[in-house]
Amino acid sequence: MDISALAIVGLLIALFAVVTVMRVVRIVPQARARNVERLGRYSRTLKPGLNFVIPFVDRVYPALDLREQVVSFRPQPVITEDNLVVEIDTVLYFQVTDPRAAAYEIASYLQAVEQLTVTTLRNVVGSMDLESTLTSRDTINSQLRGVLDEATGKWGIRVNRVEIKAIDPPRTIKDAMEKQMRAERDKRAVILAAEGQRQSAILTAEGEKQAAVLRAEGERSAQILQAEGEALAIDQVFQAVHRNDPDPKLLAYQYLQTLPTLAQSGNTFWVIPSEVTSALQSVSRAFTENLPKVAATEAPAPVSELTAKAEQDAARAAEAAAEAVADAEAVADTTIDPITPNGGRVR
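These numbers were taken from a predicted model, which means no experiment stands behind them.

**Q** Could you give me a rundown of a nonpolar patch on the surface, with the residues and numbers involved?
**A** Together, Phe-16, Leu-39, Ile-54, Phe-56 and Val-57 make up an exposed nonpolar region whose accessible area comes to about 530 Å². The topology assignment puts Phe-56 in the loop between β4 (49–52) and β5 (58–60).

**Q** Before we move on, could you go through the environment of Thr-90 and cite the residues and values that matter?
**A** Relative to the elements of secondary structure, Thr-90 occurs in strand β9 (residues 85–96). Considered as a pair, Thr-90 and Lys-165 are 75 residues apart in the sequence and their alpha carbons are 5.3 Å apart. Not counting the four nearest positions on each side in its chain, Thr-90 is found in contact with Val-71, Ser-72, Phe-73, Thr-117, Leu-121, Glu-163, Ile-164 and Lys-165.

**Q** Help me get a handle on the pattern of salt bridges, residues and values and all.
**A** A full pass over the atoms with the stated rule returns eight salt bridges. Between Glu-163 and Arg-161 there is a salt bridge; the shortest N-O distance is 2.5 Å. We classify Glu-163 as partly exposed; its relative accessible area is 25%. One salt bridge connects Arg-171 with Asp-175, and the closest N-O pair in it is separated by 3.6 Å.

**Q** So what's going on with the pairing of strand β1 (residues 25–28)? Which residues, and what values?
**A** Working note: regular strand, side chains alternate between the two faces of the sheet. Only one face of β1 is buried, namely the one carrying Arg-26 and Val-28, since none of Val-25 and Ile-27 on the opposite face is buried. Note: β1 against β4, four bridges, orientation antiparallel. By the bridge assignment for β4, Ile-27 is matched with Leu-50.

**Q** Account for the environment of Leu-64, naming residues and giving values.
**A** Within the element layout of this structure, Leu-64 appears in strand β6 (residues 64–65). Ignoring any residue separated from it by four or fewer positions in sequence, one finds Leu-64 in contact with Ala-31, Arg-32, Ala-33, Asn-35 and Pro-99.

**Q** Could you give an account of unusual backbone geometry, naming the residues involved and the relevant values?
**A** Phi angles above zero are rare outside glycine, and Phe-56 is one such case at about 65 degrees. Residue classification places Phe-56 among the exposed residues on the basis of a relative accessible area of 54%. With a phi angle near 60 degrees, Asn-83 is a residue other than glycine that sits in the positive phi range. Asn-83 sits in the exposed class, given a relative accessible area of 65%.

**Q** I'd like a rundown of the nonpolar core, residues and numbers included.
**A** Among the nonpolar cores identified, the biggest contains 30 residues, and Ile-88, Leu-92, Tyr-109, Leu-121 and Ile-140 are the most heavily contacted of them. Breaking this core down by element, the ones donating at least two residues are β9, α3 (109–125), α5 (137–152) and β10 (157–168). When residues in this core are grouped by element, the largest group, seven residues, is from α3. Those residues in contact with Leu-121, other than ones at most four positions away along the chain, are Val-78, Ile-88, Thr-90, Gly-126, Ile-140, Leu-144 and Ile-164. Counting residues in each nonpolar core, the second largest holds five residues, with Val-28, Val-36, Leu-46 and Val-60 among its members.

**Q** A description of the confidence of the model for the protein should follow, citing residues and the corresponding values.
**A** Chain-level pLDDT for the protein is 78 on average; 69% of the residues reach the 70-or-more range. By mean pLDDT, strand β12 (residues 343–346) is the weakest element of the protein at 40, and strand β2 (residues 32–38) is the strongest at 93. The low-confidence segment residues 293–303, where pLDDT is below 50, has two contacts with residues more than four positions distant or belonging to other chains. Taken together, the stretch residues 334–347 has pLDDT below 50 and engages in 24 contacts with residues farther than four places along the chain or on a different chain.

**Q** I'd like to hear about the environment of Thr-80, residue by residue, with values.
**A** By the secondary structure assignment, Thr-80 is in the loop between β8 (76–79) and β9. Note on Thr-80: relative accessible area 3%, which makes it buried. In this structure the C-alpha to C-alpha distance between Thr-80 and Asp-129, which are 49 residues apart in sequence, comes to 5.4 Å. For Thr-80, the residues in contact, after removing those within four places along its chain, are Val-86, Val-125, Gly-126, Met-128, Asp-129, Leu-130 and Thr-133.

How each quantity is defined
- Residues numbered from 1 in each chain as written.
- Predicted model: local features only at pLDDT ≥ 70, side-chain atom pairs only at ≥ 80, totals over all residues.
- Heavy atoms only, no water.
- Patch = residues over 30% accessible without salt bridge, like charges linked within 9 Å, V, L, I, M, F, W, Y side chains within 5 Å.
- Areas by Shrake-Rupley, 256 points an atom, 1.4 Å probe, with all protein chains shown as cover.
- Salt bridge = Lys/Arg side-chain N within 4 Å of Asp/Glu carboxyl O.
- Helix = DSSP H or I, 4+ residues; strand = E, 2+ residues; numbered from the N terminus.
- Contact = heavy atoms within 4.5 Å.
- Buried < 20%, exposed > 50% of the residue type's maximum accessible area, 1.4 Å probe, protein only.
- Pairing = 2+ DSSP bridges.
- Core = buried A, V, L, I, M, F, W, Y, C linked by side-chain atoms within 4.5 Å.
- pLDDT = per-residue confidence, 0-100.

See the structure below:
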């Protein structure tokens, strides 16, 4: 029994020693801090690493996180200056800089930061209308950060950033805003379409103008070239006529060729120069004098078959020409007014 009692006592002593060592040695992780109270009063703050405390005298509190923390608060109803209730969802970025102040200056710094954010947000947004609230997030963020950083400095907390995650106006306001935006987009679409039509009309008019100018220039160039060609042709004909020195017979024949053209023109009144009579007489004499005359009493010369056929063809051509000249003279005698020496009228 004595041996068993000694073993139990030794076991208890060993267990007490282990517990004592565990309470003496405290290991604090990196970016953490733990406050120590000695006999109920703040003593010191344990730094990251190996630390020693007095067991049963020093009380070590839970570790505080020294890293930057992100807290997202639930949406809060806020009334704007124009009496509209909007739901604003905020996100807060803060960091514990003084573990002692964070533990002893305020009971719950997270709850305090949340309530301070809500009240500050209502004060800031309450002085702005809905449109300013929706378009001035940076202004609201900077004002919130300034107020929170000043208020939480004594709590050992530094507010780095405050962001508004969402601003939700009432459903009716959303519908009205959507209609307004739709109307604005329709307006811009109509304006852009009108601008496009205007530009298209301008470009079309400019293109038609340039095309008309080019066509006019082309027609002018064509007329100039045509006139130059006609002038050159007339000049060459005139030079050829004077160079070859035509006789009156050729001119009379040209008169005869012009008469059918004048008759086909469809005019009921046309003028024939008086020189046509003399020209027709010249043509008649030219055909009758130059035609080969074969006497009926002359004995036919012995010719070959081809020569006889050629003479027959020539005789028929001469007879046809003589008949044409006689018809032309008859037409001229019936259409020329002999009273006017320089011309006549034909009905």
